[in-house]
Amino acid sequence: MMPCRKQQFAAVHGKSQKEAVSCSFPRQGGDFAESLDATRCRIRFRCAGVLGVFLFVMGVLAAAARSEGIPEDSTLPPVKQRLGFYLHTCWKYKYPFAVRSWQREDYDNMFHLLKQFGYNTVMLWPCTEAIPLPISEADRRALAQFRQIIEDGQKCGLETWLATCPNVVAKPEIARDPWMQRSLWPYMEMVRMDDPKKAEAFLTHRAALFEILNNADAYVTIDGDPGGYPGAKPENFLKIFQHDRETIDRVGTHPKTQKVIPWIWAGWGRTEPLWQGDLTPYSRAAMKLLKQRLPEPWLIMPGRSNRSGWANGRINVALAEELGLIDRSVLMCYEAVEYEPTPPAGVLHFDDIRRILKEEDRNLPRAAGVMANAQQPIMVLPNIYFFARGSQDPKYLDQPDEKVLADLAGLLGGPPELLIPAWSCLRRGLDRLPPDLPGKLRAAKLTGPLAPFLPGGSARYLEILALEAETRIRLLQIVRQSPETPEETVESIAAGTAALVKWWKENRYCGLGLGTEPFGLNFIHGALYGEFKAWCIQNAADPQQIAPLAVQKIVSQRILPKQSAEDWIRELLKR
């Protein structure tokens, strides 16, 4: 049993747990009767004429929306194709920011949240690459527990996919820590698939992992980042999927529908470093071979970046069009919802989402689906919501930002006059932030139908919003000052540093690190520190004088130890 908050919500609203989950939206892909059944209305229609039935049903739905505090015009349309979300579980930092820090209940809550936003597919990367061969008994138990998480996603009505790397393994010493506490990057090794002995050992290990995680609806393998090596042949990429197909057919829980999916991303076999040079010939060669010889059932996932000229741009989607693969393609709109990697910050990507979905407008009606991603979903919840709405209803993309945020506030049952400025605080000045916004957020409550499904709980979510707003407000207060003496400048530098360190201690973001790294500029989002850094440079006219005084102040106030303070001030005042 795991649904403690869902049971509490159901008790408050006088509903069964299942009713509490399903009351807010029609069942995806269902008709009116299914939608009403999902809300347990169980009405038998005995109206005269089709028009009477239609008006009656619309009235019931509108009444249900009003009773739950949902805006009447915010009901999501049924999903007609695959709408997926990728929960990036590799990054290591604090709960509930990092997906890998979640417990089973948190995953289950997020599955329900995604389902109610309109997603029907979820992809998980639990980083099985951090499990070295041979699989230990402790790792077998951990894998079996993650298998239950896959099952929970399916029970929620989501197709649940498992993401893996094509030729990545970890050094044995990584096993000193429990699976979900491991950082893959320092221990990662690449297996050359053209070395028969090494390839066989890798594929045998991969099959052993899949034997435990044998219940996923699809097995997705990226072509690089991480993975791959210069000069890798398309045939060796194909070999991975052929071997996966054999494994799934042998051990899968439903092999006739469990798909293999190549994620076309960084260019299998590229000879230049990542994101340098043209990956077109490498992606084209792999996609042509995969189209001809991938074992059924399969889809393909062409990944695109946030914009042209950045990483892979639209190259892979354009190749899918060229090769006649759009109908088999789930378009991965990477970084539409959130840049990756990125320190925690509630940055709204609404304009990016609008632009990207409109750029793919001609492909989306023909494609097998569309997908987005996030490494820290609780920080970008508005973006996740807007991507779903815009994917299902292109007209919704033209809604003003504040209307989108107001709709989400209604679903969470929180005061829009607080949530809207909190979600958009990083692009507001002091004049547009309510007085004592952090305190009011901490005193607020979320009572809407989706509030019980926030990973970490609604109270913790409001605390995170409050602390981010508090950090933003404190830094804005500092940068509007005009210090007259070096002492005043130093005092403000220390105060801004204290605000940023407090935010970092809440999330402990460490990038590709182990989690033991000291505080640094690279662990804070530029949207938070950018204006403050510019102010510090402007007002520290003589860095040689200001720097040691600032370090002394930061150390004396116990904000940071001396070495960290020195490194921080060096980066902060760097022009």
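Given the structure is predicted, the values throughout are model-derived calculations rather than measurements.

J.: When you look at the pairing of strand β8 (residues 301-304) in this model, what are you seeing that I'm missing?
T.: If a strand is regular, its side chains alternate between the two faces of the sheet. Burial of β8 is two-sided: the residues Met 301 and Gly 303 facing one way and the residues Pro 302 and Arg 304 facing the other way are all buried. In this structure, strand β7 (residues 259-264) lies alongside β8, joined through two bridges in parallel fashion. Directly across from Trp 263, in β8, lies its bridge partner Met 301. Direction of pairing for β8 relative to strand β9 (residues 330-333): parallel, over a ladder of two bridges. Of the residues in β9, the one forming a bridge with Gly 303 is Met 332. As a crossover connection, the stretch from β8 through helix α10 (residues 315-322) into β9 is right-handed.

J.: What should I look at first to understand the nonpolar core in this one?
T.: The tendency in soluble globular proteins is for nonpolar side chains to be buried side by side. Phe 117, Met 123, Trp 161, Trp 263, Phe 387 and Trp 568 are the most contacted members of the largest nonpolar core, which has 182 residues in total. If you tally residues by element for this core, the top one is helix α16 (residues 458-479), at 11 residues. Excluding its chain neighbours within four sequence positions, the residues that come into contact with Met 123 are Phe 85, Tyr 86, Leu 87, Trp 161, Ala 163, Val 220, Trp 263, Met 301, Met 332 and Met 371.

J.: Would you mind showing me how to read unusual backbone geometry here?
T.: Generally, phi is negative for residues other than glycine and the peptide bonds are trans, each holding for most cases. Following Leu 133, the chain continues into Pro 134 via a peptide bond in cis, with omega recorded as -5°. The omega torsion of the bond from Glu 296 to Pro 297 falls at -5°, within 30 degrees of zero and hence cis. With respect to the helices, strands and loops of the structure, Pro 297 is situated in the loop between α9 (280-293) and β8. Positive phi is not limited to glycine here, since Trp 275 has a value of about 65°. Tracing the chain through its elements places Trp 275 in the loop between β7 and α9. Accessibility expressed as a relative area gives 31% for Trp 275, which makes it partly exposed. In this model, Arg 558 sits at a positive phi of 60°, which is unusual for a non-glycine residue. By the element assignment, Arg 558 lies in the loop between α19 (543-556) and α20 (562-572). Among the residues examined, Arg 558 registers a relative accessible area of 77% and is labelled exposed.

J.: Any chance you could explain the sheet that holds strand β1 (residues 82-88) here in plain terms?
T.: By way of backbone hydrogen bonds, the strands of a sheet pair with one another, either parallel or antiparallel. Sheet architecture is closed into a barrel: eight strands sit in the order β1-β2-β3-β6-β7-β8-β9-β10, paired in parallel fashion. Here the strands of the sheet are splayed against their neighbours by 25° on average, with no regard to which way each runs. Of the strands in this sheet, β6 (218-222) and β7 touch helix α8 (residues 234-251), which is tilted by about 160° from β7.

J.: Explain empty space enclosed by the protein to me, please; I cannot follow it from the model alone.
T.: It is the rolling of a water-molecule-sized probe over the atoms that shows where space remains empty. Evaluation of the coordinates by the stated rule reveals seven cavities of 30 Å³ or more. Space inside the largest cavity adds up to approximately 100 Å³. At the level of elements, β4 (168-170) and α7 (196-212) are the ones that each hand at least two residues to the lining of the largest cavity. The element contributing the most residues to the lining of the largest cavity is α7, with five residues. Taken together, the residues of the lining of the largest cavity break down into eight nonpolar, three polar and two charged.

J.: Looking at this structure, how should I read the side chain of Thr 247?
T.: Tracing the chain through its elements places Thr 247 in helix α8. The buried category is assigned to Thr 247, whose relative accessible area is 3%. Excluding anything up to four places from it in sequence, Thr 247 contacts Ala 207, Phe 210 and Gly 252.

J.: I'm lost on the pattern of salt bridges in this one. Help?
T.: Note that side chains of opposite charge can pair when their charged atoms are close. With the rule as written, the count across this model stands at 33 salt bridges. Of the charged contacts in the structure, one is a salt bridge between Glu 151 and Lys 155, with a shortest N-O distance of 3.1 Å. One end of the pair, Glu 151, and the other, Lys 155, are both in helix α6 (residues 137-155), four residues apart, so they sit about a helical turn from each other. Judged by relative accessible area, Glu 151 falls into the partly exposed class, the value being 28%. Note on Lys 155: relative accessible area 62%, which makes it exposed.

J.: Where do I start with the packing of aromatic side chains in this structure?
T.: Think of a pair of aromatic rings as described by two things: how far the centres are apart, and how the planes are tilted against each other in angle. All told, the structure shown has 24 aromatic pairs when counted by the stated rule. Both rings, one in Phe 85 and one in Tyr 119, keep their centres 5.5 Å apart while their planes meet at 70°; by these two values the pair is edge-to-face. Of this pair, Phe 85 sits in strand β1 while Tyr 119 sits in the loop between α5 (104-117) and β2 (121-125), placing them 34 residues apart in sequence. By relative accessible area, Phe 85 is classed as buried at 0%.

Cut-offs and rules
- Residues numbered from 1 in each chain as written.
- Predicted model: local features only at pLDDT ≥ 70, side-chain atom pairs only at ≥ 80, totals over all residues.
- Heavy atoms only, no water.
- Buried < 20%, exposed > 50% of the residue type's maximum accessible area, 1.4 Å probe, protein only.
- Helix = DSSP H or I, 4+ residues; strand = E, 2+ residues; numbered from the N terminus.
- Pairing = 2+ DSSP bridges.
- Right-handed = clockwise from strand over helix to strand, strands pointing away.
- Core = buried A, V, L, I, M, F, W, Y, C linked by side-chain atoms within 4.5 Å.
- Contact = heavy atoms within 4.5 Å.
- Axes fitted to C-alpha atoms, helices over the stretch in contact; angles between N-to-C directions.
- 1 Å grid on protein atoms, 1.4 Å probe; cavity = no way out; pocket = protein on both sides within 12 Å on 5 of 7 lines; lining within 4 Å.
- Points joined across faces, edges and corners; volume = space filled by probe spheres on them.
- Nonpolar A, V, L, I, M, F, W, Y, C, P; charged D, E, K, R; others polar.
- Salt bridge = Lys/Arg side-chain N within 4 Å of Asp/Glu carboxyl O.
- Phe/Tyr/Trp six-rings, centres within 6.5 Å; stacked < 30°, edge-to-face > 60°.

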